[in-house]
Amino acid sequence: MTPDPEAAGTVRVQMAVNGRPVNAEIPACTNLADFLRGELGLTGTHLGCEHGVCGACTLMVDGAAVRGCLMLAVQADGAEVTTVEGLDDPLGRALREAFVARNALQCGFCTPGMLATLREAIGAGLVPERAAVRAALSGNFCRCTGYEAIVDAALDVIGGRDAR
Amino acid sequence: MPADSTLIGRSVPRAAARRTVEGLGRYTDDLDAAGVAHVAFLRSPHAHARVLGMELDEARAAPGVIGVYTAADLAAVCAPWQTRLAALPAHVSPPQQALAGDIVRYQGEPVVAVLATSRRAAESALELAFVDFEDLEPAILPADIFEPAQGFDAAAWAPQLALDRQIAHGDAGAALEGAAHVVRHRFAFGRQTAVSLEGRAVRAEYDRRSGRLSVQQSHQAPFQMQQIYAELFGLPLGRVQVAAPDVGGAFGGKLHAFPDEIAAVALAVLTGRTVKFTADRLESFLADAHAREAQAEARLGVDDDGRILGMEIDFAAGLGAYSIYPRGSVGDALQAIQLAPAAYRVPSYAGRARAWFQNKAPVGAYRGVGQPIAFALMEQMLDLAAAACGLDPAEIRRRNYREAPDTPGPTETGVVLESFTTRACLDTLLAEMDYAGLRAEQAALRAKGVYRGIGLTSFVELTGVGAQLYGPQQVRVAAQETCRLSLEPDGTLTCRTSVTDQGQGTLGGLAQIVAETLGVAPHAVEMIAGDTAATPVGGGAWASRGMALGGEAALRASRGLAARLRAVAAPLLQCEEAALSFSDSGVEGPGGARLSFREIAETVAFRPYLLPGGTAPALEVTESFLPPDLPYLATNGVLAAHVEVSPDTGLTRVLGFWAVDDCGRIVNPMLVDGQIRGGVVQGIGAALFEECRYSADGQLLNGSLVDYRVPMAADMPDIVVRHIETPTHQSALGAKGVGEAGTVGALGAMWCAVNDALAPLGTTVRRQPFTPEHVLSRLHGLEEEFD
Ligand code: FES
Ligand code: FES
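A few points on the structure. (Residues numbered from 1 in each chain as written. Chains lettered and ligands numbered in written order. Predicted model: local features only at pLDDT ≥ 70, side-chain atom pairs only at ≥ 80, totals over all residues. Heavy atoms only, no water.)

## A word on the overall build of chain A
And then number 1: Tallying secondary structure elements over chain A gives five helices and five strands in all.
And then number 2: Reading chain A from its N terminus to its C terminus gives the helix and strand order β-β-α-β-β-β-α-α-α-α.
And then number 3: Its C-alpha atoms give chain A a radius of gyration of 17 Å, within 12% of the compact-globule value 15 Å for 164 residues.
And then number 4: Seen through its C-alpha atoms, chain A measures out along the principal axes to roughly 60 × 30 × 20 Å.
And then number 5: Across chain A, contacts joining residues at least 24 apart in sequence account for 54% of those joining residues at least 6 apart.
And then number 6: Carbon and sulfur atoms form 50% of the exposed surface of chain A, whose accessible area is close to 6,100 Å².
And then number 7: Separation between the mean location of the 13 positive side-chain charges and that of the 19 negative ones in chain A comes to 8 Å. (Helix = DSSP H or I, 4+ residues; strand = E, 2+ residues; numbered from the N terminus. Rg over C-alpha atoms; globule rule 2.2 N^0.38 Å. Contact = heavy atoms within 4.5 Å. Areas by Shrake-Rupley, 256 points an atom, 1.4 Å probe, with all protein chains shown as cover. Lys, Arg positive; Asp, Glu negative; His and termini not counted. Charge placed at Lys NZ, Arg CZ, Asp CG, Glu CD.)

## Concerning the overall build of chain B
And then number 1: Secondary structure assignment for chain B yields 19 helices and 31 strands.
And then number 2: Relative to the 2.2 N^0.38 estimate, which gives 28 Å for 787 residues, the radius of gyration of chain B is 28 Å and therefore close to what a compact globule would have.
And then number 3: Dimensions of chain B, computed from C-alpha atoms along their principal axes, come out at roughly 85 × 70 × 45 Å.
And then number 4: Split into buried and exposed, the 787 residues of chain B put 65% on the buried side.
And then number 5: A fraction of 79% describes how many contacts in chain B between residues 6 or more apart in sequence connect residues 24 or more apart.
And then number 6: Within the structure as shown, chain B displays about 26,500 Å² of accessible surface, and the carbon and sulfur contribution to it stands at 50%.
And then number 7: Charged side chains in chain B number 65 positive and 90 negative. The centres of these two groups are separated by 3 Å. (Buried < 20%, exposed > 50% of the residue type's maximum accessible area, 1.4 Å probe, protein only.)

## Brief notes about the interface of chain B and chain A
And then number 1: With 56 residues of chain B in contact, the opposing surface of chain A contributes 52 residues.
And then number 2: With both chains or domains summed, chain B and chain A bury close to 4,400 Å², and 57% of this area falls on carbon and sulfur atoms.
And then number 3: On the chain B side of the contact with chain A, Val21, Arg120 and Leu197 of chain B bury the most area, a combined 17% of that side's loss.
And then number 4: Connecting chain B to chain A are eight salt bridges.
And then number 5: Two residues, glutamate 690 of chain B and arginine 143 of chain A, come together in a salt bridge whose shortest N-O distance is 2.8 Å.
And then number 6: Along the contact surface separating chain B from chain A lie 26 residue pairs in polar contact (both at pLDDT 80 or more).
And then number 7: For the side of chain B that touches chain A, the secondary-structure elements that each account for two or more residues are helix H1 (15-21), helix H4 (119-126) and helix H17 (669-688) of chain B.
And then number 8: The leading source of residues in the side of chain B that touches chain A is H17 of chain B, at eight residues.
And then number 9: Across the side of chain B that touches chain A, the residue classes tally to 27 nonpolar, 16 polar and 13 charged. (Buried area = accessible area lost by both parts, 1.4 Å probe. Salt bridge = Lys/Arg side-chain N within 4 Å of Asp/Glu carboxyl O. Polar contact = N/O pair within 3.5 Å; in protein donor to acceptor, adjacent residues only side chain to side chain. Nonpolar A, V, L, I, M, F, W, Y, C, P; charged D, E, K, R; others polar.)

## Overview of the packing of aromatic side chains
Residue and element names in this part refer to chain B.
And then number 1: Throughout the structure, instances matching the rule amount to 13 aromatic pairs over all chains.
And then number 2: Considering the side-chain rings of phenylalanine 187 and phenylalanine 189, the 6.0 Å spacing of their centres and the 5° angle between planes classify their relative orientation as stacked. Each of the two residues, phenylalanine 187 as well as phenylalanine 189, counts as buried.
And then number 3: Of the aromatic side chains, those joined through ring pairs into one cluster are Phe187, Phe189, Trp751 and Phe770. (Phe/Tyr/Trp six-rings, centres within 6.5 Å; stacked < 30°, edge-to-face > 60°.)

## Here's the deal with the environment of threonine 271 of chain B
Residues and elements named next belong to chain B.
And then number 1: Along the chain, threonine 271 falls in helix H7 (residues 259-271).
And then number 2: When its relative accessible area of 19% is taken as the criterion, threonine 271 is described as buried.
And then number 3: Sequence-wise, threonine 271 and threonine 763 are 492 residues apart; in three dimensions their C-alpha atoms are separated by 61 Å.
And then number 4: Residues in contact with threonine 271, not counting those within four places in the same chain, are Tyr69, Leu115 and Arg208.
And then number 5: Here the side chain of threonine 271 touches leucine 267 through a polar contact of 2.7 Å, landing on its backbone oxygen.
And then number 6: At 3.2 Å, the side chain of threonine 271 forms a polar contact with the backbone nitrogen of arginine 273.

## Some remarks on the pattern of salt bridges
Residues and elements named next belong to chain B.
And then number 1: Taken as a whole and judged by the stated rule, the model has 59 salt bridges over all chains.
And then number 2: The salt bridge involving aspartate 57 is made with arginine 60; its shortest N-O contact spans 3.5 Å. With aspartate 57 and arginine 60 both in helix H2 (residues 57-61) and three residues apart, the pair spans about one turn of that helix.
And then number 3: For arginine 402, the salt bridge is made with glutamate 412, and the minimal N-O distance between the two is 3.1 Å.

## Some thoughts on the side chain of glutamate 109 of chain B
Residue and element names in this part refer to chain B.
And then number 1: For glutamate 109, the location among the structural elements is in the loop between strand E4 (103-104) and strand E5 (110-116).
And then number 2: For the buried glutamate 109, no salt bridge exists, and the shortest N-O distance to an oppositely charged side chain is 5.4 Å, to arginine 105.
And then number 3: A polar contact of 2.7 Å, which involves the side chain of glutamate 109, links it to the backbone nitrogen of arginine 105.
And then number 4: Within the local environment of glutamate 109, its side chain forms a polar contact with the side chain of tyrosine 322, the two groups lying 2.7 Å apart.
And then number 5: Ignoring sequence-local partners within four residues, the contact set of glutamate 109 consists of Leu42, Arg43, Ser44, Ala100, Ile103, Val104 and Tyr322.

## As for unusual backbone geometry
The phi angle of most residues is negative, glycine excepted, and most peptide bonds adopt the trans form.
All names here are of chain B.
And then number 1: Cis peptide bonds are those with omega within 30 degrees of zero, and the linkage from tyrosine 325 to proline 326 qualifies with -5°.
And then number 2: With respect to the element layout, proline 326 can be found in the loop between strand E16 (308-318) and helix H9 (331-339).
And then number 3: With a phi close to 45°, serine 544 is a non-glycine residue in the positive phi region.
And then number 4: Its identity is not glycine, yet serine 585 carries a phi of approximately 55°, on the positive side.

## What about the environment of alanine 336 of chain B?
All names here are of chain B.
And then number 1: Here alanine 336 is to be found in helix H9.
And then number 2: When its relative accessible area of 0% is taken as the criterion, alanine 336 is described as buried.
And then number 3: Sequence spacing of alanine 336 and glycine 351 is 15 residues, and the spatial spacing of their C-alpha atoms is 9.1 Å.
And then number 4: Contacts of alanine 336, omitting those with residues within four sequence positions, involve Phe315, Gly370, Ile373 and Ala374.

Here it is, written out as structure tokens:
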């Protein structure tokens, strides 16, 4: 008889998700992405590989872009978590607008992770150069766009229009 | 379309994009409901084995488990199936069922299903399920079928031949004999898979009271799946609904019926519970459709001026254990030999395509199906011929392009061309890339030990493929696309289309067409697609059909609705119908008298007695489209790659990429360019990184995104895209397809570019992907030279 994966070692977590307090009792092994999707219904966070490679699950924890599939929900205890649904500060909004205007998404499955990654990188002073933007995105897989439109959108936001 | 159109040809952002950036996409795995049951599969760890027995009691007793099921359990509700292609009677795939019975034929084939209250519980219980397998000898295609390695025992290798097809015109053997130069090359194409970022996913609900089955599935062709489920579960079509929510990429990989997905639906029927299955990444690599695995040997003969005299291609494809359901696995092989000579005058040609079943995952459609292989073969051969007769690669292409047809008609291998503008595409391309400048730079750098190469590929792409492909094979797949456009009683427009959208933006493009014709804003058109219960029947998304076929259907429906609106409005505005125009969601007569769509719609719906005769036509028009005279709409284009290969590391860097494509009338340039760029990057990925590697005993060696490398942003170049616009005469819209163009040509451009870079070093790559290992072993003579 194996232990019940649901019952074994539940823990209580508290965090702020998109500015709202969250308090839940969950199995200790729940990762942050599953917690957000399954418990909170925040399905904007996507899972593409579940082992830290594709970047689709990237979201913000205390201002840093992290892989939601690699972090346990308990590790975010006490943290401020921002998912794509809550990415509506001025920089987040500017990125959203630029993504729509540039068609920087096709199927959109990579988009939440792209937005979180860019938000962190731009916040940290990403320079308006195409190679720099590509390097910043190097942990986020997109199968659809070929990346160029995503680079264009990022440059629109950081004022690098003429870098093209 | 009118020349003064304001929306067609403009890069209008699409409505669906906004939802996604706000995190409000709805993909299949997002559709959770209380009480949904999750399924996990025990899959065969062996490529070929006999199932001797099972011990499942412990798994059954595990916490959260609803049930544990085997082939026999599901057979009670779900019929077996077998892929058959009526025009290829010798192509015999073994019968399949939702879970494997006595024999497993590929690693990853589902054998046992565990249904539990959560995915975690289902996966944990799997650990307790035991299946006793007896290993059987797997059949795996040798690495070089034309010259098998020493020690390879051909007698012991007896896989089943799945296809042997020859096409020929003229006498290729004699033409090669008489040629001034004959070049030979051997090619190996790596097995790939689509790697959509969202895995395959399905959620099924069966209401025992009504006998209705409702399936949400991440899929390209809901009507195909409706047919299949109705057949397998013995339900009338009207009781089966298949709907595709947002789909996170597909590229052909979500065009098939997979045993695990069918098993999930069968479990819903069997248990009456809502069942969900989402493939994780390892399952995707093991059990998605694979594609492309092939080898080929080609010979091309030219005269002293580089004019093609004849060509032979011997092509051998490695399929999987089954021919994929329902469309079969022969597309790559058939398209490769048929399309290779499509862009050029090849007076004598002999192509032979063979394919074998082997104990690997089944092969299916992946963006471009066979076409990337066809043009990689042809273009590499042209480069070798150019070198043999001292011609520039661009020049040998120019000398050999076929002429544009005066009237639409088939080439010698039966490729039906309506127009052909490759010459114009090449001229534009060479100017855009500064071909002469790059050649001069290449020569200068070679002297310094820097090896750069330029590769050109001219291609023909078959888009908007009609019923002639699957009809004669008796495969039940709809090919015609239909649009049902309604003016609702509140004055809004609802457009229901049979085409589906996995990110291409097709729905945005259709909205532009409707908006343009009826004078509304594109975002005001409510688009409904991907749901068998809500849209007219059609193909969905395959063979680049969205705009070419679905766009024309939308245009016709818009024009039909416009005519009805004129007929209703003219008497109310007391003018001639011809004097009416559409703008701002309304109809305007001479002198500025206006009726809004809302006023018209309300009159028709609620006060028809105000109209002459007291009745009104329904404000709903349905129109369908397939090209009336052609089997598909062939497009063409030319691509160029510029690369640098390091002889020290074997690494290839892509320095630049250019594409000139003629897809006819362009509705939304931003969407079209996005298709080309995304397609090119998939082609570069194929050329440099991507391969499903199997061991000699049929074990997949790289089932993760760490080990199966995909193109990432930092590896990829910006891609210059230009267009030649030759509208098709088959439709009023004039659009042809574009979804596969980039992928179709990029592999060939990369193949030629890498070998152009390596030319001064006296070797060629012949095995794709061109990994550093392959490049280095060719440079150091560790892989046998072929000449
Ligand atoms: S899902 Fe987390 S990195 Fe892929
Ligand atoms: S838009 Fe589809 S994966 Fe990026």
